[in-house]
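Architecture at a glance
These are the residues of each chain, in order.
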Amino acid sequence: MCQSRGEGDGMWYGARVILLAALGLLARPSAAELDKKFNITIGYLPSITGERRDRQGLAISGALSMALEDVNNSTKLLPDVKLLLKWNDTRCDTVTAIRMLTDMTCSGVVAFFGPEGRCHTEAIVAMSRNLPMISYKCSDYQTSMLSNFARLEPPDTQATKSVIALLRYYRWNKFSIVYEESWVTVALTLENHAKKNNLTVNHQRPVIDGFKCCEEKMTCCAPGFWYQFIQETKNRTRIYVFLGSTAGLIDMMTAMESLQLFAKGEYMVIFVDMMTYAPKESLKYLIKTEDRGTTLVCPKTNWEMPFKKRAQSLLVVVSSEPEGSYEVFTGRVRDYNSMKPFEFPVPPALLEKSFNKFVSIYAAYLYDSVKLYATALHKLIEEETTYKNETLDYKKLMSIASNGTLIVSKMIHITPFKSVAGMSIRLDERADSEGNFSVLAFKNYTIEDIKCNASMVAVGHFQQSGKEFPEYKLNPHVPIDWPDGVKPEAEPSCGFLNEKCPKDDSQITSLVLD
């Protein structure tokens, strides 16, 4: 239980103020008193240790230090407020995270950033006190229903809006959805969006991740699984949307190639990748890691025609690549990781400058979450003081800074905003980031660090316009090279069952008149 603050200190402070005023000592405040800021504390719940392989705390925490420094040194953003920090390692454990969250709440923390991974239970605990919780990496879809919760990492379901925009742009009004088990929510969301847009879903088929299939010795581990799967669907569809791993994507497209589906340029596969586009990793959609080896080079096929047509039959909807200046930001994050309050040790190899520790896009999400919270708080303080002509005091500040519903609502209202990664970020009505997505296609294009004259490159992007679905914008300088030079259609000209073409005379049923 959190203990309420006693009233004794307040009474003594009031008596002292009256006494000093009477003595005339408050008539001319000093410069130090004029510059004094109100201190409020935010809480940070990273995963530094624990069982999750994708934990981010060690690599990105410096981004939070940077954001606090930028806010506290700003003369325009929260000039009367200083943000302090409490943090602790949740060790990827929900019970540990809840205990830390509760302890921080009792110590007066006004808002939380994190935790990573699963966060729904923690968000409900924060909601019980209506404290803001702003996530830079949370996979729980149901937290979007909470009014105190905002998410800077776009949930996987947000990519479905871009997929729909892509399908509509190319008039692919009939398509099939193939998804791995962990993508079921995304698949259902995509199907619902399709229905709203009068698009027909020819098939919606779940498949099991190949690694799990073979690890548990299931029938789907058999070499002919994908071959049979494509055989069952190919005559009633031309456009496949695959939701899953790159290994699953490659297996599916290999089966399609073996059935000669790419020979005439009639089939298209759309793949969704929520990871940020990295040009040097763009071959992962075409060749499995074990086939590429440790060196980033072209495959032995040298882009011969069958493989080239297969590659041209793939479009990838992927999180957009940050702007070039992002490298400067990540360099600073590495420096701040080793400074107070985190002081994470620097590996010897880094000291020797033999390589740089990878800093993911989550660093930008973390930085942006703090800046967006501070901006929302600043706007709310302005509304309460400047516009209402009232004086800001500590009690009023605390009531605003810790009001999760009010803060999150204002965060939605003030977006879009410019991310430190260079993109424009918008929060939807549930305070989920809508994300920024691009479309990749196979092009004869040389990428630095890859000894290859062709790869998957960005040919278009999705522009958020405030409407339910983004607008797809082509890059006029990088046109798509369609297989056989023509965009595939959603169905054959005569229909899948030849129902759209007139039958010859021998098939016309005679009209018998009485």
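As a reminder, the structure under discussion sits directly above these lines.
Figured I'd write up the structure that's included with this text. One numbering rule holds for all chains: residues counted from 1, following each sequence as written. Selection of residues for local features in this predicted model requires a pLDDT of at least 70, selection of side-chain atom pairs for listing and counting requires 80 or more, and totals for whole chains, interfaces and linings are taken over all residues. Hydrogen atoms and water are omitted, and side-chain values are computed over all heavy atoms in the structure.

Any two cysteine sulfur atoms within 2.5 Å of one another count as a disulfide. Scanning the model with the defined rule gives two disulfides in all. Across a sulfur-sulfur distance of 1.9 Å, Cys119 and Cys138 are joined as a disulfide pair. Classification of the bridge connecting Cys119 and Cys138 rests on its S-S torsion, roughly -80°, and on that basis the disulfide is left-handed. Of this pair, Cys119 sits in the loop between β3 (111-113) and α6 (120-128) while Cys138 sits in the loop between β4 (133-135) and β5 (149-151), placing them 19 residues apart in sequence. Exposure categories follow from relative accessible area, calculated using a 1.4 Å probe and restricted to protein chains: below 20% of the type maximum is buried, above 50% is exposed, and the middle band is partly exposed. Its relative accessible area of 0% is what places Cys119 among the buried residues. Judged by its relative accessible area of 4%, Cys138 falls in the buried class. Two residues share a disulfide in this structure: Cys494 and Cys501, whose sulfurs sit 1.6 Å from each other. Negative torsions about the S-S bond denote left-handed disulfides, and the value of about -80° found for Cys494 with Cys501 makes this one left-handed. Comment: elements are numbered from the N terminus, with helices defined as DSSP H or I runs of at least four residues and strands as E runs of at least two.

What follows concerns the sheet that holds strand β7 (residues 200-207). The strand order across the open sheet built from eight strands is β7-β6-β8-β9-β10-β13-β14-β15, with neighbouring strands paired in mixed fashion. With one partner strand each, in any of the chains shown, β7 and β15 (471-474) form the two edges of the open sheet. Neighbour to neighbour, the strand axes of the sheet diverge by 25° on average, direction disregarded. For two strands to be treated as a pair, DSSP must find at least two bridges joining them. As defined by bridge partners, strand β9 (residues 268-276) adjoins strand β10 (residues 314-319) across six bridges and the pair is classed as parallel. Residue Val269 lies in a different strand from β10, and its bridge partner there is Leu314. Between N-to-C directions, angles cover 0 to 180 degrees, with each direction set by a line fitted to C-alpha atoms, over the stretch in contact for helices.

This brings us to the pattern of salt bridges. In the sections that follow, a salt bridge refers to a side-chain nitrogen of Lys or Arg positioned within 4 Å of a carboxyl oxygen of Asp or Glu. All told, the structure shown has 17 salt bridges when counted by the stated rule. For Asp140, the salt bridge is made with Arg118, and the minimal N-O distance between the two is 2.3 Å. Of the two residues, Asp140 sits in the loop between β4 and β5 while Arg118 sits in the loop between β3 and α6, which places them 22 residues apart along the sequence. Residue classification places Arg118 among the exposed residues on the basis of a relative accessible area of 52%.

Turning to empty space enclosed by the protein, a few remarks are in order. A pocket, in this scheme, is an open set of points on a 1 Å grid over the protein atoms alone with protein on both sides within 12 Å along at least 5 of 7 lines, while a cavity is a set where a 1.4 Å probe fits but cannot get out; residues line either one if an atom lies within 4 Å of a point. Grid points are joined across faces, edges and corners, and a volume is the space filled by probe spheres set on the points. The tally for this structure, following the rule as stated, stands at two cavities of 30 Å³ or more. Empty space within the largest cavity amounts to approximately 100 Å³. Along its surface, the largest cavity is lined by 14 residues, and Tyr365, Met423, Ile425, Gly435 and Asn436 are the ones closest to its centre. For this classification, Asp, Glu, Lys and Arg are treated as charged, while Ala, Val, Leu, Ile, Met, Phe, Trp, Tyr, Cys and Pro are nonpolar and the rest, including Gly, are polar. Of the residues that constitute the lining of the largest cavity, the class distribution is seven nonpolar, seven polar and no charged.

Along any regular strand the residues' side chains alternate between the sheet's two faces. Most of β9 is tucked away, with seven of its nine residues classed as buried. Inspection of the sheet shows strand β8 (residues 239-243) paired to β9 by four bridges, in the parallel sense. Looking at the pairing, Tyr240 lines up with Val269 of β9. Orienting the strands away from the viewer, one traces the path from the first strand over the helix to the second; a clockwise path indicates a right-handed crossover. Handedness of the β-α-β unit built from β8, helix α11 (residues 246-258) and β9 comes out right-handed.

Right, let's get into the side chain of Thr385. Tracing the backbone shows Thr385 in the loop between α16 (362-384) and α17 (394-401). Here a polar contact is taken to be a pair of N or O atoms separated by no more than 3.5 Å, where protein atoms must pair a possible hydrogen donor with a possible acceptor and residues adjacent in sequence count only if both atoms sit in side chains. For Thr385, the side chain forms a polar contact with the main-chain oxygen of Ile381, separated by 2.6 Å. Note on definitions: a residue-residue contact is assigned when non-hydrogen atoms from the two residues lie within 4.5 Å. Those residues in contact with Thr385 that lie beyond four places of it in its chain are Glu390, Thr391 and Leu392.

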